[in-house]
Amino acid sequence: MDPILICGGGIGGLSAAIALVRAGMPVKVLEQAPSFSEAGAGIEIGPNAARHLATWGLKELISAFSNEPEGIQVYDGLKGDLLTTVPLGKFVRDRYGSPYLVIHRKHLQYCLLEAAVELDGLEIETGFKLTHVEVQLDGVTAKSEAGGTAQGRALVGADGLWSTVRGCISDDEPQPSGVTAWRALLPTARTPETADKPYIGLHLGPHGHVIHYSLEAGKSTNVVAMIKETINFDGWASPGKRDDLLPYFDAWSDRVFELLERSKDWHKWTVMSMDPLERWGKGLVTLIGDAAHPIEPFMAQGGAAAIGDAASLAKAVAAQPDDISKAFRAYEATRQTRATRIQKASHQRGRIYHLSGPMRWTRNQLLRRQAPETLLTHYDWLYSPVK
Ligand SMILES: Cc1cc2nc3c(=O)[nH]c(=O)nc-3n(C[C@H](O)[C@H](O)[C@H](O)COP(=O)(O)OP(=O)(O)OC[C@H]3O[C@@H](n4cnc5c(N)ncnc54)[C@H](O)[C@@H]3O)c2cc1C
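Everything in this summary refers to the structure shown in the same document. Each residue is numbered by its place in its chain's sequence as written, counting from 1. Given that this is a predicted model, residues contribute local features only at a pLDDT of at least 70 and side-chain atom pairs are listed and counted only at 80 or more, while totals for whole chains, interfaces and linings are drawn from all residues.

**Things to note about the packing of helix α1 (residues 11-22) against helix α8 (residues 302-319)**
A pair of packed helices is captured by two measures, namely the crossing angle of their axes and the spacing between those axes.
In step 1: Contact geometry for α1 and α8: axes closest at 8 Å, N-to-C directions at 25°. Here α1 lies roughly parallel to α8, going by the angle between them. The chirality of how α1 crosses α8 is right-handed. In contact with Ile11, Gly12, Ser15, Ala16, Ala19, Leu20 and Arg22 of α1, α8 contributes Gly303, Ala306, Ile307, Asp309, Ala310, Ala311, Leu313, Ala314 and Val317.
In step 2: All amino acids are sorted into three groups, where Ala, Val, Leu, Ile, Met, Phe, Trp, Tyr, Cys and Pro are nonpolar, Asp, Glu, Lys and Arg are charged, and the leftover types, Gly among them, are polar. A class-by-class count of the residues in the contact of α1 with α8 yields 11 nonpolar, three polar and two charged. For helices, the fitted axis covers only the stretch in contact; all axes are lines through C-alpha atoms, and the angles between them, taken along N-to-C directions, range from 0 to 180 degrees. Strands are runs of DSSP state E lasting at least two residues, helices are runs of H or I lasting at least four, and both sets are numbered from the N terminus onward. For classification purposes, an angle smaller than 35 degrees is called roughly parallel, one larger than 145 roughly antiparallel, one from 65 to 115 roughly perpendicular, and anything else oblique. Each crossing is labelled by how the near helix is turned from the far one, with a counterclockwise turn of less than a right angle marking it left-handed and a clockwise turn marking it right-handed. Contact between residues is assigned whenever the C-beta positions, reconstructed from backbone atoms, fall within 7 Å.

Structure below.
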């Protein structure tokens, strides 16, 4: 039997490969990079995603590399006042049956690859940059930039924000959201004491916010500063100069300014957004992860949603292995509404984070007065197991 081809070996592609092979389907992953070498920084894994990783046998491996923060300490970014502490840790495990974790992206990739290479029926070809797809009645042919071909039963586009596979289904393209994300990894020895805690720190301010958490068994601190700015889009990720970043935070609390000042090596990303696609698939082709639904990172859910897509896709294919087109449509029907809800909720979260003037004051009052658990349980629809 020809394998199902998966274009892209990122979080979504590797997750789909693991889930599909475990469901009895041979898979071939086509990854454009010559080798797997995720640099990047930290990523939060909500309980909705941690649950699937555990199902795929990754619980121990992931917990060896990840941290489980006790909560999210939310501050007013300008004044430095603590507004609330949203409980994570035990509260999340008790309520949702799986943990809220943070992990370095290179370690998440390592764990997924470790799980993948263990499985019979899973092949990975690196250095295959898909440029063209031919869809026949009973299969697909993927062609690479270098002239290679791969034959499959069907094709899953897990090729991220700038998906080539999406071109088979839609002409829509992501657009700059008006926010730039700056990221740095700070060795713990250089992390100010105020930030070196078993909590995620979140500092809200007009026109931006800052988030930080401890990674790699306490060896480093992941720092992300998001700023609203008019962007001349110059690519996905590029080095950023600290001196260009700091002026945005001149009026912020000392604890934020000091943290940003101590981080030397910055990279910046243009955060992109895209209106929900009318459809995610056609015939023997479907999409998952950022290729299907780029999610602004204000709820830390893009990777988690890709993992959830992978689990749903495998379930749908296992239910009708003899009719992959139908299985793909069933998968899309279960995930599309949910992904749109996450996209909208993330966008809304960003607007709340960046309020200014009287609205900022009102938000702060609400955060102070509201029971901290409700800030999380408001998202039960997201974190609870999907029925
Ligand atoms: C600042 C920031 C912070 C974030 N924080 C979080 C967080 O804390 N938690 C969370 O869950 N999410 C977070 N996200 C979102 C998350 O990073 C993405 O949603 C996730 O990486 C999407 O995974 P993916 O597999 O769909 O795409 P990608 O990770 O982009 O993977 C796509 C893969 O496809 C390959 N590829 C691309 N084109 C081709 C081609 N033509 N042929 C072959 N291969 C190809 C690429 O090389 C890559 O390996 C954040 C995003 C940003 C920008």
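Still to come is the rest of the account.
**Points about the sheet that holds strand β2 (residues 27-31)**
In step 1: We call two strands paired when DSSP finds no fewer than two bridges between them. Reading across from one edge, β7-β2-β1-β11-β18 is the order of the five strands in this open sheet, with parallel pairing throughout. Looking at strand neighbours, the two that pair on one side only are β7 (122-126) and β18 (285-287), the edges of this open sheet. Here the strands of the sheet are splayed against their neighbours by 20° on average, with no regard to which way each runs.

**Considering the site of the ligand**
In step 1: Near the ligand you find 37 residues, and of these Gly8, Gly10, Gly160, Gly289 and Gly302 are the closest.
In step 2: Elements with a minimum of two residues in the shell around the ligand: α1, β2, β3 (42-45), β12 (175-187), β17 (266-273) and α8.
In step 3: Of the residues forming the shell around the ligand, the biggest block, four residues, is contributed by α8. Placing a C-beta atom from the backbone of each residue, we mark the residue near a molecule or strand if the atom is within 6 Å of it.

**Some remarks on the environment of Ser253**
In step 1: Assignment of secondary structure puts Ser253 in the loop between α6 (242-245) and α7 (254-262).
In step 2: Along the sequence, Ser253 and Lys79 sit 174 residues apart, while their C-alpha atoms lie 5.4 Å from each other.
In step 3: Residues in contact with Ser253, not counting those within four places in the same chain, are Gly77, Leu78, Lys79 and Gly80.

**Notes on unusual backbone geometry**
In step 1: Within the chain, Glu216 stands out as a residue other than glycine whose phi angle is a positive 50°.
In step 2: The topology assignment puts Glu216 in the loop between β14 (208-215) and β15 (220-228).
In step 3: Its identity as a non-glycine residue notwithstanding, Ala300 has a phi of 55°, on the positive side.
In step 4: Relative to the helices and strands, Ala300 resides in the loop between β18 and α8.

Remember that the coordinates give geometry; whether it matters functionally is a separate question.
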